[in-house]
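Overview (structure and organization)
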Amino acid sequence: MRDKIYLTPELIKEVLHQAGEIEWKMGVLAKFTKHWYDVLTVSPLGLIHIHGNQDTGWKHIMDRHGYFSNKSYFGDGAVGNPNKFTSSSIPIHDYRDIADEIFLQQQKDSRPHPDDQLFEKYKGTSTNYTGSTGKVQEFQLVLYKNTKIVHSLYPSKNLEGKSPKRVLKEFIRVKDKITASTRPCDDYFIIHIPYKNTRGFIRYVIIFKVDKETQATIGYLQVNDQYGVPAFTIYQPLCNPVIKTVLPTNMIEVPLEFTRFLNGLSIADLSKLEKVILDVETDMLKLEAKENTNK
């Protein structure tokens, strides 16, 4: 497992120096950044938001909690299935406004954090975000200890819809590898939704064949070996309640709708199909154990 890249004491000094520059006192909303540790924006309350990387700052927040993020994570609960902002979220406003509101409430969260020595955590409520229905929602704000530098910000629950049930612990849906293809002569789309193991190899692929006109769908499961090489396919059609979005009849004419459709598959509840994967994996592990015993 790689080491996480956080702000060091030296970089914290650099960030504080950048945040003290005169332009932030002149009402500048945001500025372009060159390095991951550069200041992206400073809020009215003086909270400092850095561009960040996959482990901290805005990139970290958007990767983990952006509604349409293609990042996938191993683990249980919120670790592997992080809560999301709304699909209409405008980060430059939402992140700044929510963080300021939570910070104003000054409610320290005493629950343990994996890196307590580096960060301090606040909790609070807000309705001040894009797509809000006026219902009060709880948020978590994580700052670098003894600073106003934002490490992370996220809702305690999904702000838009329920989070799909996480069935697989040892495999994750590779959201940025979901594909759909067709040919001019075909009256169907073929959709591939891959799942990779902890070693980074594609182990399973859910395959949908979707009729362009009727949207009638058949599902199959491709099973690869531990190194991603196709081994066999389960051809018994899988149950498929998940393709509810109406497919465009011609994705060339309406690419935006088709893109939204694929984005929808990245967050769709595929738990029933993932249980099939879990059953297959369980059977294969039993068979492997039996073969090893007989050697």
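Below: a short report on this structure. All residue numbers refer to positions counted from 1 along the written sequence of the respective chain. Owing to the predicted nature of the model, reporting of local features is limited to residues with pLDDT of at least 70; listing and counting of side-chain atom pairs is limited to 80 or more, with chain, interface and lining totals taken over all residues. As a convention, hydrogens and water are excluded, and side-chain values are obtained from all of the structure's heavy atoms.

In this text, buried Ala, Val, Leu, Ile, Met, Phe, Trp, Tyr and Cys residues form a nonpolar core when linked through side-chain atoms within 4.5 Å. Note on exposure labels: buried denotes an accessible area under 20% of the residue type's maximum, exposed denotes more than 50%, and partly exposed covers the range between, all computed with a 1.4 Å probe on protein chains only. Ranked by internal contacts, the top residues of the largest apolar core, which has 20 residues, are Ile193, Tyr195, Tyr204 and Ile206. For this core, the leading source of residues is strand E9 (residues 202–211), giving four residues. Between two residues, a contact is recorded if the distance between any of their heavy atoms is within 4.5 Å. Among all residues touching Ile206, those that are not within four sequence positions of it are Ile191, His192, Ile193, Tyr195, Tyr220, Leu221, Leu273 and Ile277. One finds Leu40, Ala99, Ile102 and Tyr122 within the second-largest nonpolar core, a separate group that totals 19 residues. Helix numbers and strand numbers start at the N terminus; a helix is a DSSP run of H or I with at least 4 residues, a strand a run of E with at least 2.

Turning our attention to the environment of Thr86. Relative to the helices and strands, Thr86 is located in the loop between helix H3 (77–80) and helix H4 (91–105). Put simply, Thr86 and Glu160 are 74 residues apart on the chain and 5.4 Å apart in space, counted from C-alpha to C-alpha. If near-sequence neighbours (up to four positions away) are discounted, Thr86 is found in contact with Tyr67, Tyr129, Thr130, Leu159 and Glu160. Contacts described as polar in this section are N or O atom pairs within 3.5 Å, which, within protein, must combine one atom able to donate a hydrogen with one able to accept it, while residues neighboring in sequence count only if both atoms come from side chains. Polar contacts involving the side chain of Thr86 include one to the main-chain amide nitrogen of Ser89, which spans 3.2 Å.

The end-to-end C-alpha distance of H4 is 21 Å, a good match for the 21 Å that 15 residues give at a rise of 1.5 Å each. For H4, the set of buried residues is Pro91, Ile92, Asp94, Tyr95, Arg96, Ile98, Ala99, Asp100, Ile102 and Phe103. Considering only its buried residues, H4 is in contact with strand E1 (39–42), strand E2 (48–50), helix H2 (57–65), strand E3 (119–126), strand E4 (137–144) and strand E5 (150–155). Phi turns positive one or two residues past the end of H4, at Gln106, with a value near 50°. To estimate how far a helix should reach, multiply one less than its number of residues by 1.5 Å.

A separate point is the packing of aromatic side chains. Ring pairs shown here join Phe, Tyr and Trp side chains whose ring centres sit within 6.5 Å, with only the six-membered ring taken for Trp; geometry is labelled stacked below 30 degrees between planes, edge-to-face above 60, and tilted in between. Counted according to the given criterion, the structure contains 10 aromatic pairs. The interplanar angle of 75° and the centroid separation of 5.0 Å between the aromatic rings of Trp58 and Tyr95 together place this pair among those described as edge-to-face. Of this pair, Trp58 sits in helix H2 while Tyr95 sits in helix H4, and the two are 37 residues apart along the sequence. Each member of the pair, Trp58 together with Tyr95, is buried. Look at Phe85 and Phe139: their rings are 6.2 Å apart centre to centre, the planes differ by 25°, and that puts the pair in the stacked class. Taken as a pair, Phe85 in the loop between H3 and H4 and Phe139 in strand E4 lie far apart in primary sequence, 54 residues in all. Of the two residues examined, Phe85 and Phe139, each falls in the buried class.

A separate point is the sheet that holds E3. One open sheet accounts for three strands, arranged E3-E4-E5; its pairing is antiparallel. This sheet does not close on itself; its edge strands, each paired only once, are E3 and E5. On average, adjacent strands in this sheet sit at an angle of 20° to one another, irrespective of strand direction. Paired strands are those between which DSSP finds at least two bridges. Bridging between E3 and E4 involves eight bridges; their strand directions are antiparallel. For Lys123, the partnering residue across the bridge sits in E4 and is Gln140. What counts as an axis is a line fitted to C-alpha atoms, over the stretch in contact for a helix, and the angles between N-to-C directions run from 0 to 180 degrees. Each of E3, E4 and E5 is contacted by H4, which is oriented at about 100° to E3, the strand it contacts most.

Given a relative accessible area of 0%, Phe139 falls into the buried group. In this structure the C-alpha to C-alpha distance between Phe139 and Lys123, which are 16 residues apart in sequence, comes to 5.7 Å. Setting aside anything within four residues of it in sequence, one finds Phe139 in contact with Phe85, Ile98, Ile102, Tyr122, Lys123, Gly124, Ser126, Tyr129, Tyr154, Pro155, Ser156 and Leu159.

This part takes up the pairing of strand E10 (residues 217–224). Within a regular beta strand, the side chains point alternately toward one face of the sheet and then the other, so they alternate between its two faces. With six of eight residues buried, E10 lies mostly within the body of the structure. Where E9 meets E10, seven bridges bridge the pair, whose relative direction is antiparallel. Bridge pairing links Val210 to Thr217 in E10. Taken together, E9 and the strand that follows it, E10, pair antiparallel across an intervening segment of five residues, in which Gln215 is found at a positive phi of about 65°.

By convention in these notes, a salt bridge is any Lys or Arg side-chain nitrogen within 4 Å of a carboxyl oxygen on Asp or Glu. What the rule picks out here adds up to seven salt bridges. The closest approach of N and O atoms between Lys108 and Glu120, which form a salt bridge, is 3.5 Å. With Lys108 in the loop between H4 and E3 and Glu120 in strand E3, this residue pair connects regions lying 12 residues apart in the sequence. Overall, Lys108 belongs to the partly exposed group, its relative accessible area being 48%. Here Glu120 falls in the buried class, since its relative accessible area comes to 15%. Between Glu281 and Arg203 there is a salt bridge, and its shortest N-O distance comes to 3.3 Å. One end of the pair, Glu281, is in helix H6 (residues 271–294); the other, Arg203, is in strand E9, and 78 residues separate them in sequence. The buried category is assigned to Glu281, whose relative accessible area is 10%. Three or more residues joined by partner-sharing salt bridges are found here, namely Glu21, Glu23 and Lys31.

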